Amino acid sequence: MNIIKVKNTEMGGKEAFKLVKEDLENGAKVLGLATGSSPITLYNEMTSSDLDFSNITSVNLDEYVGLDADNEQSYHYFMKDHLFNKKPFKNSYVPDGSNPDAEAATKEYDKIIEENPIDLQILGIGRNGHIGFNEPGSPFDGTTRKVGLTESTIEANTRFFEDEKDVPRFAYSMGIGSIMKAKKIILLAYGEAKADAIAATVDGPVTEDCPASALQNHPDVTIIVDDAAASKLK
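Thresholds, definitions, all that
Residues numbered from 1 in each chain as written. Predicted model: local features only at pLDDT ≥ 70, side-chain atom pairs only at ≥ 80, totals over all residues. Heavy atoms only, no water. Helix = DSSP H or I, 4+ residues; strand = E, 2+ residues; numbered from the N terminus. Rg over C-alpha atoms; globule rule 2.2 N^0.38 Å. Buried < 20%, exposed > 50% of the residue type's maximum accessible area, 1.4 Å probe, protein only. Contact = heavy atoms within 4.5 Å. Areas by Shrake-Rupley, 256 points an atom, 1.4 Å probe, with all protein chains shown as cover. Lys, Arg positive; Asp, Glu negative; His and termini not counted. Charge placed at Lys NZ, Arg CZ, Asp CG, Glu CD. Pairing = 2+ DSSP bridges. Axes fitted to C-alpha atoms, helices over the stretch in contact; angles between N-to-C directions. Core = buried A, V, L, I, M, F, W, Y, C linked by side-chain atoms within 4.5 Å. Phe/Tyr/Trp six-rings, centres within 6.5 Å; stacked < 30°, edge-to-face > 60°. Expected span 1.5 Å × (residues − 1). Arc of directions from axis to C-beta. Polar contact = N/O pair within 3.5 Å; in protein donor to acceptor, adjacent residues only side chain to side chain.

A few points about the overall build of the protein
The helix and strand inventory of the protein stands at 7 helices and 10 strands. The globule rule puts the C-alpha radius of gyration for 234 residues at 17 Å, and the 16 Å found for the protein is close to it. By its C-alpha atoms, the protein is 45 × 40 × 35 Å across when sized along the principal axes. Expressed as a percentage of its 234 residues, the buried residues of the protein come to 53%. Within the protein, residue pairs in contact and separated by at least 24 positions form 80% of the contacts whose partners lie at least 6 positions apart. Carbon and sulfur atoms form 46% of the exposed surface of the protein, whose accessible area is close to 10,800 Å². Looking at charge distribution, the protein has the averaged site of its 24 positive side-chain charges lying 4 Å from that of its 38 negative ones.

As structure tokens, this is what we get:
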């Protein structure tokens, strides 16, 4: 694992953007994208750049079950707001959270991933080490599936909703097995709240108790962290 330490999220976005740009210049055609606060400064760099993404395909990690694409709390909406409205892609795929048929929705998304092998995957990380919505205990060989969100994840997401009761309890998420097939991975983490998860990811045992620890078995991972997130690394 390549660890890059930065002073703040803005510098993290600039470092991540350099890697994205380099990969695109080397022929990458499919980007795996993430939501949440961690990649926002990267997306800011992408939208303010002169890069053209009209020949690039994006595949997102996850979506809440039960939210339509035009719901302001959906990840469809997040991606349009932070990236796609300003920098259109050739194709942009996000799981269909409005589809109540979990088997159909997840099989459809696995087919999309199979047809669009990911060259570079962007990841955030949860306080409990989740990547995508693959919570502790998720199988390392998993594909897209419907997952129940843990109480800590629901609590972390409450700030985005008017009422805790409105926070979705389920999501469709790309599996760890699918994430691990990406040729390259960049994981972004900022703040003291992520320090334990980063330490477990980098220095801890490879265990399903920390889903991101699976990345120790990937041949090309870069982790971009600020001093607070890196504070418990050995």
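Let's talk about the sheet that holds strand S7 (residues 145-148)
Strand order in the open sheet made by the 3 strands is S4-S8-S7, with antiparallel pairing throughout. In this open sheet, the two strands that pair with only one neighbour each are strand S4 (62-64) and S7. Neighbour-to-neighbour, the strand axes of this sheet turn through a mean angle of 30°, independent of strand direction. The pairing of S4 with strand S8 (residues 170-173) spans 3 bridges and is antiparallel. Counted as the bridge partner of Asp62 is Ser173 from S8.

With respect to the nonpolar core
Leu31 and Met46 are the most contacted members of the largest nonpolar core, which has 36 residues in total. Those elements giving two or more residues to this core turn out to be strand S1 (2-6), helix H1 (9-25), strand S2 (30-33), helix H2 (40-48), helix H3 (75-84), strand S6 (120-123) and strand S9 (184-189). When residues in this core are grouped by element, the largest group, 5 residues, is from H3. Not counting the four nearest positions on each side in its chain, Met46 is found in contact with Phe17, Leu31, Phe53, Leu83, Lys87 and Phe89. Residues Tyr109, Ala189, Ala229 and Ala230 belong to the second largest nonpolar core, which totals 30 residues.

Focus: the packing of aromatic side chains
Taken as a whole and judged by the stated rule, the model has 6 aromatic pairs. Ring centres of Tyr64 and Phe161 lie 6.1 Å apart, and the angle between their planes is 75°; on these two criteria the pair is classed as edge-to-face. Of this pair, Tyr64 sits in strand S4 while Phe161 is found in the loop between helix H5 (151-157) and S8, placing the two residues 97 residues apart along the sequence. Residue Phe161 is classed as buried on the basis of its relative accessible area, which comes to 12%.

Description of helix H4 (residues 102-115)
Its 14 residues place the ends of H4 20 Å apart at the C-alpha level, agreeing with the 20 Å of an ideal helix rising 1.5 Å per residue. Listed in full, the buried residues belonging to H4 are Ala105, Thr106, Tyr109, Ile112 and Ile113. Along the long axis of H4, the arc covered by the buried residues comes to 115°, so they all point the same way. Within H4, the exposed residues directed more than 90 degrees away from the buried face are Glu103, Lys107, Lys111 and Glu114. Buried-residue contacts for H4 involve strand S3 (57-60), strand S5 (91-93), S7, S8 and helix H6 (176-179). A side-chain oxygen of the first residue of H4 lies 3.3 Å from the backbone nitrogen of Glu103; this N-cap is Asp101.

Let's talk about the sheet that holds S5
Spatially, S1-S10-S9-S6-S2-S3-S5 is the arrangement adopted by the 7 strands of the open sheet, whose pairing is parallel. Edge positions in the sheet fall to S1 and S5, since each has one partner strand and no second. Averaged over all adjacent pairs, the angle separating strand axes in this sheet is 15°, with direction ignored. Judged from the 4 bridges that link them, S6 and S9 form a sheet pairing that is parallel. Looking across to S9, one finds that Leu123 is bridged to Leu187.

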